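Spelled out from the first residue to the last, the chains are:
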Amino acid sequence: MNVQSSAAEPAAAAVSVPEAVPALDAADHGSGPGPGRGAALVPIVLVVAGGLSVQFGSAVAALLMPKAGALGVVTLRLAAAALILLVVCRPKLRGHSRADWGTVVAFGVAMGGMNTLFYQALDRIPLGIAVTLEVLGPLALSVFASRRLINVVWAGLALVGVVLLGGGGFDRLDPVGAAYALGAGAMWAAYIVFSARTGRRFPQADGLALAMVVAAVLSLPLGIWESGAKLTVPSTLALGAAVAVLSSVLPYTLELMALRRLPASTFAVMMSLEPAIAATAGFLILNQALSTTDALAIALVIGASMGAVRSQTGARKKRQKG
């Protein structure tokens, strides 16, 4: 990811965006009435579309799990995404240092771990709650990286949301599923760090494509062990490819297009809405209705994530003015 945002902007760094493209300035967006405003809305629509694609892809993955198992779905998603990215990006294998390869391998391990743990969680708890718990990883990274008192407040707000989700005890959710989601959040934080480092070392989407191959190779034995020949059923393969496109290829493309015209800080705030989008996808596709308490908990975590991003952005602007 070559977007020059700090690791403290959790959502902005959470998606590996191929090439560093500076956001256009206000003049590029246009001002006043007329076409300018419409043009300014385009990147916002692209970000929302990317978020919808990711979370509805996760919902489709949940439907596929009874056929292929959680580990099998991860394997299908990563393998199909790796194949598509290799064909599209055609990354160069020569001319990279040992440190370059170490970085891309670490990125691939983080990516594979994040997906494996998240789909294990998705197999046990509702999609909206799984994403809410997962986003705590980037939020914790934001608090740690900023070292500002205000972000401790945002962390506390997120903690209140987590307590509400637990309802006094995570046995209501399935404690194993909740633990998997929190583990996926930790891997998401690692993903953010190594995504940025990979983007600085590899041009275009080469690093992303190579890291996806690493993740796919690591997941392959697990998928075969759990699902075996089930992975070769044509209908299962087709759904796996659909999950790969919805959850990986399409969102990366849409977000890259958005970041050509949208400041990274704005992008980060919008990506903080992922838990709400996930809850909507879970309700519409998986019939996973949330209680009022769950909805309030998700709102608290979203608010904490947005607040952390905003406070970090404000601090950066003050340093630049100073």
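Rules used in this analysis
- Residues numbered from 1 in each chain as written.
- Predicted model: local features only at pLDDT ≥ 70, side-chain atom pairs only at ≥ 80, totals over all residues.
- Heavy atoms only, no water.
- Helix = DSSP H or I, 4+ residues; strand = E, 2+ residues; numbered from the N terminus.
- Buried < 20%, exposed > 50% of the residue type's maximum accessible area, 1.4 Å probe, protein only.
- Contact = heavy atoms within 4.5 Å.
- Areas by Shrake-Rupley, 256 points an atom, 1.4 Å probe, with all protein chains shown as cover.
- Core = buried A, V, L, I, M, F, W, Y, C linked by side-chain atoms within 4.5 Å.
- Expected span 1.5 Å × (residues − 1).
- Patch = residues over 30% accessible without salt bridge, like charges linked within 9 Å, V, L, I, M, F, W, Y side chains within 5 Å.
- Salt bridge = Lys/Arg side-chain N within 4 Å of Asp/Glu carboxyl O.
- Axes fitted to C-alpha atoms, helices over the stretch in contact; angles between N-to-C directions.
- Parallel < 35°, antiparallel > 145°, perpendicular 65-115°, else oblique.
- Left-handed = near helix turned anticlockwise from the far one by under 90°.
- Nonpolar A, V, L, I, M, F, W, Y, C, P; charged D, E, K, R; others polar.
- Phe/Tyr/Trp six-rings, centres within 6.5 Å; stacked < 30°, edge-to-face > 60°.
- Lys NZ or Arg CZ within 6 Å of the ring centre and 35° of its normal.

Caption draft 1: Representation of the overall build of the protein chain. Helix and strand content of the protein chain: 13 helices and 0 strands. Counting from the amino terminus, helix and strand elements in the protein chain follow one another as α-α-α-α-α-α-α-α-α-α-α-α-α. Looking at the 322 residues of the protein chain, the share that counts as buried comes to 52%. Counting only contacts in the protein chain whose residues sit at least 6 apart along the sequence, the fraction spanning at least 24 positions is 86%. As displayed, the protein chain has an accessible area near 14,000 Å², and 68% of this comes from carbon and sulfur atoms.

Caption draft 2: Fine view of unusual backbone geometry. One non-glycine residue, R90, lies in positive phi territory at about 45°. If you trace the backbone, R90 turns up in the loop between α3 (35–89) and α4 (98–122). What makes R90 exposed here is its relative accessible area of 67%. Notably, N287 is not glycine yet its phi reads approximately 60°, a positive angle.

Caption draft 3: Examining the environment of T75 more closely. Structurally, T75 is set in helix α3. Considering only alpha carbons, one finds T75 and T116, 41 residues apart in sequence, at a separation of 8.7 Å. The contact partners of T75, leaving out residues within four places of it in the chain, are S219, L220, G223 and L231.

Caption draft 4: Up close: the nonpolar core. Core analysis: the largest hydrophobic core is formed by 65 residues, its most contacted members being M111, Y119, I125, L127, L133, Y191 and M212. If one sorts the elements of this core by residue count, α3 sits on top with 16 residues. Setting aside residues no more than four positions away along its own chain, I125 makes contact with A130, L133, L173, D174, G177, A178 and A181. If you look at the next biggest cluster of nonpolar residues, it comprises 5 residues, including L46, V47, L254 and M270.

Caption draft 5: Summary view of helix α5 (residues 127–134). Counting buried residues along α5, 8 of its 8 residues qualify, which places the element largely inside the surrounding structure. For α5, the set of buried residues is L127, G128, I129, A130, V131, T132, L133 and E134.

Caption draft 6: Examining helix α12 (residues 274–286) more closely. Taking 1.5 Å of rise per residue, 13 residues should cover 18 Å, and α12 covers 17 Å from first to last C-alpha, within 8% of that figure. Taken together, the buried positions of α12 are E274, P275, I277, A278, A279, A281, G282 and L286.

Caption draft 7: Structural detail: a nonpolar patch on the surface. A surface patch of nonpolar side chains, about 390 Å² in accessible area, is lined by L41, I44, V45, V48 and L52. Note on placement: L41 falls in helix α3.

Caption draft 8: Just the side chain of S227, in detail. Here S227 is to be found in helix α9 (residues 206–227). S227 gets classed as buried once you look at its relative accessible area, which sits at 7%. Beyond its immediate stretch of four places on either side in the chain, S227 contacts A68, G69 and G72.

Caption draft 9: Structural context of the packing of α4 against α5. It is the contact of α4 with α5, at a shortest axis distance of 9 Å, that shows an interaxial angle of 140°. Taken together, the axes of α4 and α5 lie oblique to each other. The way α4 lies across α5 gives a crossing that is right-handed. In contact with M114, F118 and L122 of α4, α5 contributes L127, A130, V131 and E134. Grouping the amino acids of the contact of α4 with α5 by side-chain chemistry returns 6 nonpolar, no polar and 1 charged.

Caption draft 10: Structural context of the packing of aromatic side chains. Inspection of every chain in the model, using the stated rule, returns 3 aromatic pairs. With centroids separated by 5.8 Å and ring planes inclined at 75°, the aromatic side chains of F118 and Y119 adopt a geometry described as edge-to-face. The two residues F118 and Y119 agree in class, both being buried. Lying over the aromatic face of F194, R197 brings its terminal NZ or CZ to 5.3 Å of the ring centre.

Caption draft 11: Local environment of the side chain of S247. Of note, S247 is situated in helix α10 (residues 234–259). Judged by its relative accessible area of 4%, S247 falls in the buried class. Setting aside its immediate chain neighbours within four residues, S247 contacts S53, V54, G57, S58, R77 and Y119.

Caption draft 12: Spotlight on the packing of α5 against helix α8 (residues 175–201). At their nearest, the axes of α5 and α8 sit 7 Å apart, and the two run at 45° to each other. Relative to α8, α5 is oriented oblique. Relative to α8, the crossing made by α5 is right-handed. Residue-level contacts link A130, L133 and E134 of α5 to A178, A181, L182, A184, G185 and W188 of α8. Taken together, the residues of the contact of α5 with α8 sort by class into 7 nonpolar, 1 polar and 1 charged.

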